[in-house]
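Now for the letters of each chain:
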Protein chains: 4
Amino acid sequence: MKKVRVGIVGLGRLGRTHAENLAFSIPGAELTAACSIVDSELNYAKEQLGVEKTYFDFAAMCQDPDIDAVVIVSPSTYHPEQISLALKAGKHVFCEKPLAVTLEECRATEEEVKKYPDQVFMLGFMRRYDPSYAYAKKKIESGAIGTPYLVKATGVDPDADAESLLDSGFVPKSGGIMMDMASHDIDLMRWFLQDDPAEVYAVGSTVKHPRFREQGDVETACATFKFKNGAMGQLHVGRASVHGYHIETEIIGTEGSIRVSPVPCKNLAMLYDKTGAVQECVRNFPERFHQAYVEEMKEFIDCIVEKRTPGVDVHDGTQATLICAAAQKALETGAIVTI
Amino acid sequence: MKKVRVGIVGLGRLGRTHAENLAFSIPGAELTAACSIVDSELNYAKEQLGVEKTYFDFAAMCQDPDIDAVVIVSPSTYHPEQISLALKAGKHVFCEKPLAVTLEECRATEEEVKKYPDQVFMLGFMRRYDPSYAYAKKKIESGAIGTPYLVKATGVDPDADAESLLDSGFVPKSGGIMMDMASHDIDLMRWFLQDDPAEVYAVGSTVKHPRFREQGDVETACATFKFKNGAMGQLHVGRASVHGYHIETEIIGTEGSIRVSPVPCKNLAMLYDKTGAVQECVRNFPERFHQAYVEEMKEFIDCIVEKRTPGVDVHDGTQATLICAAAQKALETGAIVTI
Amino acid sequence: MKKVRVGIVGLGRLGRTHAENLAFSIPGAELTAACSIVDSELNYAKEQLGVEKTYFDFAAMCQDPDIDAVVIVSPSTYHPEQISLALKAGKHVFCEKPLAVTLEECRATEEEVKKYPDQVFMLGFMRRYDPSYAYAKKKIESGAIGTPYLVKATGVDPDADAESLLDSGFVPKSGGIMMDMASHDIDLMRWFLQDDPAEVYAVGSTVKHPRFREQGDVETACATFKFKNGAMGQLHVGRASVHGYHIETEIIGTEGSIRVSPVPCKNLAMLYDKTGAVQECVRNFPERFHQAYVEEMKEFIDCIVEKRTPGVDVHDGTQATLICAAAQKALETGAIVTI
Amino acid sequence: MKKVRVGIVGLGRLGRTHAENLAFSIPGAELTAACSIVDSELNYAKEQLGVEKTYFDFAAMCQDPDIDAVVIVSPSTYHPEQISLALKAGKHVFCEKPLAVTLEECRATEEEVKKYPDQVFMLGFMRRYDPSYAYAKKKIESGAIGTPYLVKATGVDPDADAESLLDSGFVPKSGGIMMDMASHDIDLMRWFLQDDPAEVYAVGSTVKHPRFREQGDVETACATFKFKNGAMGQLHVGRASVHGYHIETEIIGTEGSIRVSPVPCKNLAMLYDKTGAVQECVRNFPERFHQAYVEEMKEFIDCIVEKRTPGVDVHDGTQATLICAAAQKALETGAIVTI
């Protein structure tokens, strides 16, 4: 029962989630090393997570013979180079989405990954591992809804976080709302429809926080996708959900449909009071997708142990970036964009 | 297409509901006459409902040859005598529950009704005609839940009305919470289980409005019923539902169960706001059972036209009073009461 | 309490609904006359609804001095002429949607209606009078969701009716799915957003019933609308909802959102069985909008009595047709259409 | 960051759940030792969980200086002796419910535990650590429902497991349905009402599986509790829930109520198909309370590390057994039982 020894790079908010899961919640994994340029993050890894080895230099961590796999949760621009370094060093690689920020880099990275067919490469589209989405997929594969032909996807960040996002300086560098927010929904559409879109049209608006407009972005955007096989996709992304973090997906097929999370319930308790019957909602993505992050990492480790290929591959990363970019272009130009 | 001509007695809150339904919503009925000792009520009937004839004296209305049927919505103590007068005058009779306030009067009235087998007699257990309850019954009859063996019934009046009820002087004369509130739930239990209870145990408490205790009653009461055929019933009645008017019933059987109205939704709209996902609730019985009152009156008229016997008969009235009285005694004595 | 005397033209499926409501469920109305070219329909009106006067000729009914108002439920192509005839004859007019089948006729009819400002004219967008939609509107007007900026509308007819629709020969004459199905949803968007769309893009697909394609139409269509004030609309219409008749609308605003009918519950009963917890769904529009049809007709009669202007006016009819036509063109051409 | 080293006794179904949680999901814990009289269970612990030391003899494991804490998941009859041995050896103790099978043993064990105030003792009422129940408790403590005065508790095992339970020979030895099934619900009642019951009445029935009767038990039982402070409890336990594992609790207070899990949803996905809108349900307690088992063990470990006393103490165990026994007696005798 030898454990897979993992080194992680990046210990920001999401990095910590992955690090803690690897340290405490993934039976077959051992968090052996951590890499960061921030001292306090490395101290946290040592003291809170019991990590033995810490690195400032990612390339050095890759050379560590005590590490079998690398988990990349660094800023997106570093992804291609770090993937390449880790693969060359013979490590299995899990990389957070996006694969890369430009389409060219995605394609180059895709080629790079293909050179190492015996090393596991997995991309962090964790929603596929969320119990509800995984269940939906399984039901669809069992024929429960016949042939899926329309996916309606909604992903809206909590309004409670909007102002701090606007203060952070991130928005102007984000590539736009579609580049920043749509990739998970687009990945779900592709996954459920088993196809790629051929064309996209998009509209946007900014009503609550004018600063999104001032910072060159929009607050809310809607897109319609025409898929190659004739299926369709409706997308709604936004940054101002008042009731909490709202991720909802409906997959409509010839024999039925499945809807995931129309009410983003915090838990199974309902309060009845003067207001009525009230269901409190999840506040953010770590709360909503806590289990999904655990499950995807389990899958990564299991794939290494069982020499399997994960369901999410490098091409999914390229396609997500490609389609997000097309949707962003559609949004910015107001024209129909062929993908 | 001759219409059934109806005379109504009693134009209080519930009387008006019945009168308006008869005047405007029941295809085969015509509200021809109204009886009340309150002038303003008779004016309302004439002016708002277009009633042609008004009476101060119920016996006089019964002699009116232009009336085919009488609807009794007067205070409960008048029911037996009015039923008897109307039947003797050859009229069909619809009487609001309860049949009578004492068991003796119930039994005497039951005998009286039996003397007029060709006249329709129907008692106002309108919940049986509510679309959701009628659907539940139909599903059960179709075998959807196998053999029902447990009914859990909840009936709680809105807290918003508690203080005015306490001010009204009604509570000390009500006969107690079980006599006043439990009859509909008990009727539903009997209807769904197709049996009568053999014994009852009850407990009560008063926590929010001490005045219920001061007025010799309780605010909330729970009872457990053992039915003759081995089935069971759990009852919860109360007067202080904060979120609205809460009527909920679950029927549990060997192959499944049916639950009616766990959230007493006002309508099909849900609000998502800072509080979460909020379903506003119905405020009172006219809102919740609006359609049931229409449907039961349609059934009364249809029974007259089609010479049928209604599903709710006079014996149901006796049994409801009998069982309420037993539950009330159980509540007051703290002992198990054999029915 | 003089009743408004109504003559109806058209006694097909929806005509009967209106006729029965007028005959039995609208306090202030009296169904006095009926017009049809089908003998059996007139017999039905006489025998079942107690209508006194029947006409083969609509113009003749309009000349009847015993009629105050005319309700038009004839085939859409007759609407403009019948509206004009009735108005000229001094009658108040309720007309089922659409106002007319061409934009030119809509505009001409709009001009015609304006000539009779003292006569009530109302168009049958009954969804606005559905208790849930009316509640949503009221909540929005009270500020519950701040400023609305996105409406997501779904309207899918039951799959159970698809084959008979395809057999009926109606599809090729329908003008296309957007012309036939989208007007209620578009009216709701305009009503909730208080604005008109400026541009539309649409896609369609036919997966389950190829005959829709063979008959020159599509089975399912999605459109995205950009409104003049910056708001957005997402529309999904279809003809193959497996679980029943699915009408759902979400209105998203700066302070919250309201969603109407995500589960088109048949009633308040839920069945728990081997399948899980099952909510049966409404089967068709008469079941879903039964109350809405009553309420809109009450409003029409009340407007006559109280000399008020209804919320739904003739311009709403022109706009619905205009926007449906634009959506249809977008669907057929695949291009963005400016409205 | 020294880990708490744990030895576990009992590796049956629930034992494995605890063992796997300790091995993989509790950051501060290390599963160091396992005790069982079954060889295959010890092999499982070594091979699957990486446990270093295995024991046939519980007393021997208690003497192991490398163990800080003992987790007891052995058959209930062993609990008192094993608790005592472990405490004497200076270990912290987590024991699955029930504390003991007789009231005398409970009281003796309670005395024993009190002798070791510096060692953590915790009883496995895991429902208190389920996220939904913990949330309910927190909301209640924050005043969201005012003063709680009625708890309605339902606990029904899946019908799918009934026949194998009847085949297992367990039922006649179980002490009866109340002793076997009611303790979690009773613990929740005590926890939410912050009080103990003074009297209980109970009824039972067996309709679907006559073998429960043949084996001296009942299939379903209902009880009503009168609490010392005037509050009330309604309990429904059973063994034949057709739709899955049904645990539901409602806490009703003066300012509102909280209901946990009226639909025991498997996840956040809903299927719409010919049946209607279908929510699949959880199948058994490991599925429903997976997270609760993790959370309670985290709390046990945290209490050791932080030298805190857990919320669930030894007295809760005595009371649960005492009250279950009273309910069982009420069920068997048909009389009101004073507690």
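In this report, the structure presented in the accompanying data block is examined. (Residues numbered from 1 in each chain as written. Chains lettered and ligands numbered in written order. Predicted model: local features only at pLDDT ≥ 70, side-chain atom pairs only at ≥ 80, totals over all residues. Heavy atoms only, no water.)

### A short note on the relation of the copies chain A and chain C
Each copy superposes on the other: chain A lies on chain C with an RMSD of 0.0 Å after a rotation of 180° and an axial shift of 0.0 Å. Taken together, the rotation and translation relating the two chain copies correspond to the operation of a two-fold axis. Counting the interface residues of chain A, we find that 100% of their copies in chain C are interface residues as well, pointing to one common contact surface. (Least-squares fit on C-alpha atoms with pLDDT ≥ 70 in both. Contact = heavy atoms within 4.5 Å.)

### Re the sheet that holds strand E3 (residues 53-55) of chain C
All names here are of chain C. Spatial ordering of the open sheet is given by E3-E2-E1-E4-E5-E6, a layout of six strands whose pairing is parallel. Taken across any chain shown, the strands that pair with only one partner, and hence form the sheet edges, are E3 and strand E6 (121-123). Averaged over all pairs of adjacent strands, the angle between their axes in this sheet comes to 25°, without regard to strand direction. Here strand E1 (residues 4-9) pairs with strand E2 (residues 29-35) via six bridges, running parallel. When the bridges of E2 are listed, Arg 5 appears paired with Glu 30. Those strands touched by helix H2 (residues 39-49) are E2 and E3, and its axis lies near 155° from that of E2. This element, helix H11 (residues 285-306), spans E1, E2, strand E4 (69-72), strand E5 (92-95) and E6 of the sheet and lies at about 165° to E5. (Pairing = 2+ DSSP bridges. Helix = DSSP H or I, 4+ residues; strand = E, 2+ residues; numbered from the N terminus. Axes fitted to C-alpha atoms, helices over the stretch in contact; angles between N-to-C directions.)

### Considering the relation of the copies chain A and chain B
Turning one copy of the chain about an axis and sliding it along that axis gives the other copy, so a rotation and a shift relate them. Of the transformation placing chain A onto chain B, the axial shift is 0.0 Å and the rotation is 180°, giving an RMSD of 0.0 Å. Taken as a fraction of all interface residues of chain A, those also at the interface in chain B reach 100%, which identifies the copy contact as same-surface.

### Some words on the packing of helix H1 (residues 13-25) of chain A against helix H11 (residues 285-306) of chain A
All names here are of chain A. Axis separation between H1 and H11 bottoms out at 10 Å; the angle between their running directions is 55°. By the angle class used here, H1 and H11 are oblique. For H1 against H11, the interelement crossing comes out right-handed. Across the interface between the two elements, Arg 13, Leu 14, Thr 17, His 18, Asn 21, Leu 22 and Ser 25 from H1 touch Phe 285, Pro 286, Tyr 293, Val 294, Glu 296, Met 297, Lys 298 and Ile 301 from H11. Class assignment for the residues of the contact of H1 with H11 results in eight nonpolar, four polar and three charged. (Parallel < 35°, antiparallel > 145°, perpendicular 65-115°, else oblique. Left-handed = near helix turned anticlockwise from the far one by under 90°. Nonpolar A, V, L, I, M, F, W, Y, C, P; charged D, E, K, R; others polar.)

### Some words on the pairing of E2(C)
Residues and elements named next belong to chain C. Here E2 lies mainly inside the structure; six of its seven residues are buried. Taken together, E1, helix H1 (residues 13-25) and E2 form a β-α-β motif whose crossover is right-handed. Of the strand pairs in this sheet, E2 and E3 are connected by three bridges, and their pairing is parallel. Looking at E3, one finds that Cys 35 is bridged to Tyr 55. Each parallel crossover has a hand, and the one from E2 via H2 to E3 is right-handed. (Buried < 20%, exposed > 50% of the residue type's maximum accessible area, 1.4 Å probe, protein only. Right-handed = clockwise from strand over helix to strand, strands pointing away.)

### Quick word on the interface of chain A and chain C
Counting residues at the interface gives 37 residues for chain A, matched by 37 residues for chain C. Interface area for chain A against chain C, summed over the two sides, is near 3,000 Å², with a carbon-plus-sulfur share of 60%. The largest per-residue losses of area from chain A upon contact with chain C belong to A:Tyr149, A:Tyr201 and A:Met232, which jointly make up 19% of the total buried on that side. Ionic pairing is found between A:Glu248 and C:Arg259, a salt bridge with its closest N-O pair at 2.7 Å. For the pair chain A and chain C, the number of links is 14 residue pairs in polar contact (both at pLDDT 80 or more). (Buried area = accessible area lost by both parts, 1.4 Å probe. Salt bridge = Lys/Arg side-chain N within 4 Å of Asp/Glu carboxyl O. Polar contact = N/O pair within 3.5 Å; in protein donor to acceptor, adjacent residues only side chain to side chain.)

### A closer look at helix H4 (residues 79-88) of chain D
Note: α-helices contain 3.6 residues per turn, so residues at a spacing of three or four share the same orientation. Residues and elements named next belong to chain D. The element H4 is extensively covered by neighbouring structure, given that seven of its ten residues are classed as buried. Turning to H4, its buried residues number three or more, namely His 79, Pro 80, Gln 82, Ile 83, Ser 84, Ala 86 and Leu 87. Note on H4: the residue one or two positions beyond its end, Gly 90, has a positive phi of about 85°.

### Overview of the interface of chain A and chain B
Taken residue by residue, the interface counts 18 residues in chain A and 18 residues in chain B. Taken together, the two surfaces of chain A and chain B that pack against each other cover about 1,300 Å², and 65% of this comes from carbon and sulfur. Looking at the side of chain A facing chain B, the largest losses of area belong to A:His243, A:Tyr272 and A:Ala277, adding up to 35% of the total buried there. The tally of links from chain A across to chain B stands at zero salt bridges. Here chain A and chain B share four residue pairs in polar contact (both at pLDDT 80 or more) between them. Residue assignment for the side of chain A that touches chain B shows that the elements contributing at least two residues are strand E13 (269-273) and strand E14 (276-279) of chain A. The dominant element in the side of chain A that touches chain B, judged by the number of residues it contributes, is E14(A), at four residues. Counted by class, the side of chain A that touches chain B contains nine nonpolar, five polar and four charged residues. Pairing analysis gives three bridges linking E14(A) to strand E14 (residues 276-279) of chain B, with the strands arranged antiparallel. In the sheet register, A:Ala277 faces E14(B), and the bridge partner there is B:Gln279.

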